[in-house]
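What follows is the residue order along each chain.
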Amino acid sequence: MALLAASRHTTSIAHAQKLFRFTQQGRSAPSSHVTPKAPPLPARQPPLQENPPADRKTSLSRGPERGRESLWAIEPVCGPHDCRWCISFVQTITSNLFPSFTWILSVVSHCSYRRMGRVLNAKGESLFFCISCSVSDLNPEVNYYWHHGKEVVVHGHRKGRVDPVRFQIDDSPHLQIRVPKQLPEVGITHKLNVSIPAFVPVIDHKPSKLPLFKKQYENKVFIGAKVADPCCYGHTQFHLLPDKLKRERFIRERLEDQIEVVYRSNGIASLFAWTAAQAMYQGFWNEADVTRPFVSQAVVTDGKYFAFFCYQLNTLALTAETIKNNPRKNICWGTDSKPLYDVVEDGNVKGFNDEVLLQLVHFLLNRPKEL
Amino acid sequence: RTGRPEAERPQPQDTRAVATSSRPGTVSEVPPRPRGEEEPLPPAQPHELPGSLGHIGNGLGWEGALSITSVSRDRSRWVVFPGVRQAQWLTKTKLVEGLPPAVQGIMDNPALGLQELEERAKHMVSHARLWDTAEAAPRRERYCPVLFENLIHICRLMSGKYPSLSKRMLARNCRVAATWERESILLQVRGLSGILMNSMSPIPPVASKEEILATKEHVLETFYPIAPTIDLQEVNVYKELNDTGFRDGYPYSHPHTLFFLESANVLTDRFRPEQLRAKMLMFAFGNALAKAKALHGNDPKVLEQPVVVQSIGTDGQLFQFMVFQLNTTDLVSNDGVKNLVWIDSDQNLYERAQCVPEVKKGVVTKPAGISGFQPDTFKKFLALYLHGTV
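Read on for an overview of the structure. (Residues numbered from 1 in each chain as written. Chains lettered and ligands numbered in written order. Predicted model: local features only at pLDDT ≥ 70, side-chain atom pairs only at ≥ 80, totals over all residues. Heavy atoms only, no water.)

### Some details on the overall build of chain B
Link 1 in the chain: Scanning chain B for helices and strands turns up nine helices and 15 strands.
Link 2 in the chain: Scored against the burial criterion, the 390 residues of chain B give a buried share of 53%.
Link 3 in the chain: For chain B, contacts bridging at least 24 residues in sequence account for 77% of all contacts bridging at least 6.
Link 4 in the chain: Surface accessibility of chain B: about 17400 Å² in total, with carbon and sulfur atoms responsible for 52%. (Helix = DSSP H or I, 4+ residues; strand = E, 2+ residues; numbered from the N terminus. Buried < 20%, exposed > 50% of the residue type's maximum accessible area, 1.4 Å probe, protein only. Contact = heavy atoms within 4.5 Å. Areas by Shrake-Rupley, 256 points an atom, 1.4 Å probe, with all protein chains shown as cover.)

Structure, rendered in structure tokens:
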């Protein structure tokens, strides 16, 4: 496993973001080898559970059931209405103003759909109560540094010694919301110490065997704010995919199966970095594993297609020594990318998809137990 | 091209003011205000006086596409930022110090629960100034917008109590264009007018009818022998444009508040408080005028329903608050009903934000954290946000 890094003088967020984005492509694109490729996922990378158990009856991949009343119950959706707020809402998307949290709040408070209004009225107090304690960051930095696996030093005066392989993520979500209390863990069946019979892919060769950038990062762990901030747990991140990874490009190059890979890899990597950094802020590390799960959510979008992810960090022990007797796995649930609307013509939105909006609203309504 | 310091200007021959307000034998009752008294010189920069050009030499005044231009067909001169007094003349406005009573009433209303929000406001200031970066201290380019977003976040929490607050929308980088004539000089305001908060319903007029009629007696200050259009850029335009920046049918059609963030890291790239106030006034006027012309047509007249636009400007620590009421679009002559502006200037939100404690000879002289937090400034910010719906 090779070292992923960036040169010291280019640790700017934009550069790191570009690199980070590039490393999410699942397969080598037919362009030149200069384009960096995605590293194979580390052996312990959590599996993506996309299809929840079959007893769910809803149209969306609903989140796993919680111990208490499920906030993710999606009621049957009413037909599209021609609301003025809806037009302005979608026009703001199409004019490349990605919905900031504040905009989402204004959207949510504008909800005039009857069903959605009922959901909100029931949970509305929870929305405002949770949001009143939250902090939102615009274009924050999220960094995490960890060791995973071993390699033998090939050249130099340390030749022959065994070193851990070091990884660094430098992420920059478009928007993130942090809260002062942890989100509840996801589901009874997915508690901390329950082993999950899921398959985590094992990759033997080094990522440096793929043509990949190999530079030295500054090793940082950062959740978006310093340790002194009382809002030290993550709630939701919003990621905006760059133009380079747009769907039309993949379709043109006949890589349709790689479209979802972009969303999923972004969701998994960003959320792993965020939850692991939150755990580190609380004092856990690979020798002192987490005693409670860290849960966060993410929405990855390119402006029209939305994919939703929820991540539960169960373990930080990923180094070669600590992973031997560690049955725990981290879990990420996610949906496929779904369009919010089909097209906007003449000031009208055609084919508005209420399910996506409902899912977004439910994400924001999710709140810690104590709040 | 250089700004002449005010001290070099001769005393104004403001005979008109004396003539209208003096009675025979009582000229001394209305002495012309000496120039020096009404302009407190900024102590740190004695060579730069309010109303002067500031950094015209560096070519920075129009960095953000903020050109207030005086349109003329003949000559061309360069523009910079006028002080508030010059802006008053250009917009035919009377200045009132302090915030209007309606906004003061919102601040003093105990039912709003502003006390509880103080703690949140302090937390938000700490977040913006201390905790937001992986480096030692965030730079102004980072903390100024973050502080603004955080304060707006707290303001939006009030929409739980007042649901009509949700009928607002923030718009960034929107362009405004307004043209008017002032004593045979054609003026225009064009450009990116900061961050604009729109609302579905307009702000009700702040000044009563009597106050509006009383402005007829107010005399606009002139700057003889200096032309009031000094330092305005002259351009040739071929279309006298009045545009609010939004198309028809936009649900949030009434401009509510403009926010100006002076977030440049370098001091010389930022506007001084006086210049910032002038910029706020000009753009509030521009937005109000464009809206009034959109509502009532291009004919100059006294407005039945005055248009109110607010303005808040900050550099991350110092806040300037402004409420502007457009009473008339008849701006050609110097007489008649004038527009009104209330300005509350130079309000500090906090004294100092110390990321790392300052230690001298083993003793902590300045502890880390936010010191000197002024809740009143935040209350004014919130009151201006709530104005119009509460």
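### Notes on the environment of threonine 377 of chain B
All names here are of chain B.
Link 1 in the chain: By secondary structure assignment, the location of threonine 377 is in helix H9 (residues 375–386).
Link 2 in the chain: Taking C-alpha positions, threonine 377 is 22 Å from aspartate 132, a pair spaced 245 residues apart along the chain.
Link 3 in the chain: In contact with threonine 377, other than residues within four places in its own chain, are Phe319, Phe321, Gln347, Asn348 and Leu349.

### Notes on the sheet that holds strand E6 (residues 195–199) of chain B
All names here are of chain B.
Link 1 in the chain: A sheet is described by the order of its strands in space; here seven strands give the open sequence E2-E11-E10-E9-E8-E6-E3, paired in mixed fashion. The sheet terminates laterally at strand E2 (93–97) and strand E3 (168–172), the two strands that pair on one side only. Geometrically, the sheet is characterised by an average inter-axis angle of 20 degrees between neighbouring strands, direction not taken into account.
Link 2 in the chain: Of the pairings in the sheet, the one linking strand E10 (residues 318–328) to strand E11 (residues 339–348) comprises seven bridges and is antiparallel in character. Note on E11: the bridge partner recorded for phenylalanine 319 is glutamine 347.
Link 3 in the chain: Packed on one face of the sheet, helix H8 (residues 273–296) meets E6, strand E8 (254–261), strand E9 (302–314), E10 and E11 and runs near 35 degrees to E10.
Link 4 in the chain: Each of E3, E6, E8, E9, E10 and E11 touches H9; the most contacted strand, E10, lies at about 30 degrees to it. (Pairing = 2+ DSSP bridges. Axes fitted to C-alpha atoms, helices over the stretch in contact; angles between N-to-C directions.)

### What to know about unusual backbone geometry
Link 1 in the chain: One non-glycine residue with positive phi stands out, namely asparagine 139 of chain A, at about 50 degrees.
Link 2 in the chain: Inspection of the secondary structure puts asparagine 139 of chain A in the loop between strand E2 (135–138) and strand E3 (142–152).
Link 3 in the chain: Residue classification places asparagine 139 of chain A among the partly exposed positions, given a relative accessible area of 45%.
Link 4 in the chain: Even without a glycine there, the phi angle at glutamate 183 of chain B is positive, about 50 degrees.
Link 5 in the chain: In this structure, glutamate 183 of chain B sits in the loop between strand E4 (175–182) and strand E5 (185–192).

### What to know about the nonpolar core
The nonpolar side chains of a soluble globular protein tend to be buried with one another.
Residue and element names in this part refer to chain B.
Link 1 in the chain: Formed by 56 residues in total, the largest nonpolar core has its most connected members in Phe259, Leu349 and Phe381.
Link 2 in the chain: Secondary structure elements with two or more residues in this core: helix H4 (101–108), helix H5 (114–131), helix H6 (140–157), E6, E9, E10, E11 and H9.
Link 3 in the chain: The leading source of residues in this core is H6, at nine residues.
Link 4 in the chain: The contacts of leucine 349, once residues within four sequence positions are left out, are Val125, Leu147, Leu151, Gln317, Phe319, Gly372, Phe373, Gln374, Thr377 and Phe378.
Link 5 in the chain: One finds Phe283, Leu289, Val307 and Val341 within the second-largest nonpolar core, a separate group that totals 41 residues. (Core = buried A, V, L, I, M, F, W, Y, C linked by side-chain atoms within 4.5 Å.)

### Some points on the interface of chain A and chain B
Link 1 in the chain: With 31 residues of chain A at the interface, the matching set in chain B holds 25 residues.
Link 2 in the chain: A buried area of about 2200 Å², summed over both sides, lies between chain A and chain B, and 59% of it is on carbon and sulfur atoms.
Link 3 in the chain: At the boundary of chain A with chain B, the tally comes to 10 residue pairs in polar contact (both at pLDDT 80 or more).
Link 4 in the chain: Of all the secondary structure elements, the ones that give two or more residues to the side of chain A that touches chain B are helix H2 (84–94), helix H3 (101–109), helix H4 (114–132) and E2 of chain A.
Link 5 in the chain: Per-element tally for the side of chain A that touches chain B: the top contributor is H3 of chain A, with six residues.
Link 6 in the chain: Grouping the constituent residues of the side of chain A that touches chain B by class yields 14 nonpolar, 10 polar and seven charged. (Buried area = accessible area lost by both parts, 1.4 Å probe. Polar contact = N/O pair within 3.5 Å; in protein donor to acceptor, adjacent residues only side chain to side chain. Nonpolar A, V, L, I, M, F, W, Y, C, P; charged D, E, K, R; others polar.)

### Details of the packing of H5 of chain B against H6 of chain B
All names here are of chain B.
Link 1 in the chain: Between H5 and H6, the least distance of the axes is 8 Å, while the angle of their chain directions is 160 degrees. Taken together, the axes of H5 and H6 are roughly antiparallel relative to one another. Judged by the sense of rotation from one axis to the other, the crossing of H5 with H6 is right-handed. Across the interface between the two elements, Leu117, Arg120, Ala121, Met124, Val125, His127, Ala128 and Arg129 of H5 pack against Tyr143, Val146, Leu147, Asn150, His153, Ile154 and Leu157 of H6. (Parallel < 35°, antiparallel > 145°, perpendicular 65-115°, else oblique. Left-handed = near helix turned anticlockwise from the far one by under 90°.)

### A short note on the pattern of salt bridges
Link 1 in the chain: A full pass over the atoms with the stated rule returns 19 salt bridges over all chains.
Link 2 in the chain: Put simply, lysine 350 of chain A and glutamate 345 of chain A hold a salt bridge, and the shortest N to O gap is 3.0 Å.
Link 3 in the chain: Since its relative accessible area comes to 39%, glutamate 345 of chain A is described here as partly exposed.
Link 4 in the chain: Notably, a salt bridge pairs arginine 277 of chain B with glutamate 274 of chain B, separated by 3.0 Å at the nearest N-O pair. Note that arginine 277 of chain B and glutamate 274 of chain B are positioned in helix H8 at a spacing of three residues, about one turn of the helix.
Link 5 in the chain: Within the structure, one salt-bridge network assembled from shared partners comprises Asp137, Arg178 and Asp229 of chain A. (Salt bridge = Lys/Arg side-chain N within 4 Å of Asp/Glu carboxyl O.)

### Observations concerning the pairing of strand E6 (residues 233–240) of chain A
In summary, the side chains of a regular strand alternate between the two faces of the sheet.
All names here are of chain A.
Link 1 in the chain: The buried fraction of E6 amounts to seven of the eight residues, a majority that puts the element mostly inside the structure.
Link 2 in the chain: Pairing of E6 with strand E7 (residues 294–301), which is carried by five bridges, proceeds in the parallel orientation. Bridge pairing links phenylalanine 238 to valine 299 in E7.

### Digging into H5 of chain B
In an α-helix, one turn spans 3.6 residues; hence positions three or four apart end up facing the same way.
Link 1 in the chain: Taking 1.5 Å as the rise per residue, H5 of chain B with 18 residues should run 26 Å; its terminal C-alpha atoms sit 24 Å apart, in good agreement.
Link 2 in the chain: Among the 18 residues in H5 of chain B, 14 count as buried, and that is most of the element. (Expected span 1.5 Å × (residues − 1).)

### Re the pairing of E5 of chain B
Residue and element names in this part refer to chain B.
Link 1 in the chain: Judged from the eight bridges that link them, E4 and E5 form a sheet pairing that is antiparallel. Bridge pairing links alanine 178 to valine 189 in E5.
Link 2 in the chain: Linking E4 to E5, which pair antiparallel, is a turn of two residues; within it glutamate 183 sits at a positive phi near 50 degrees.

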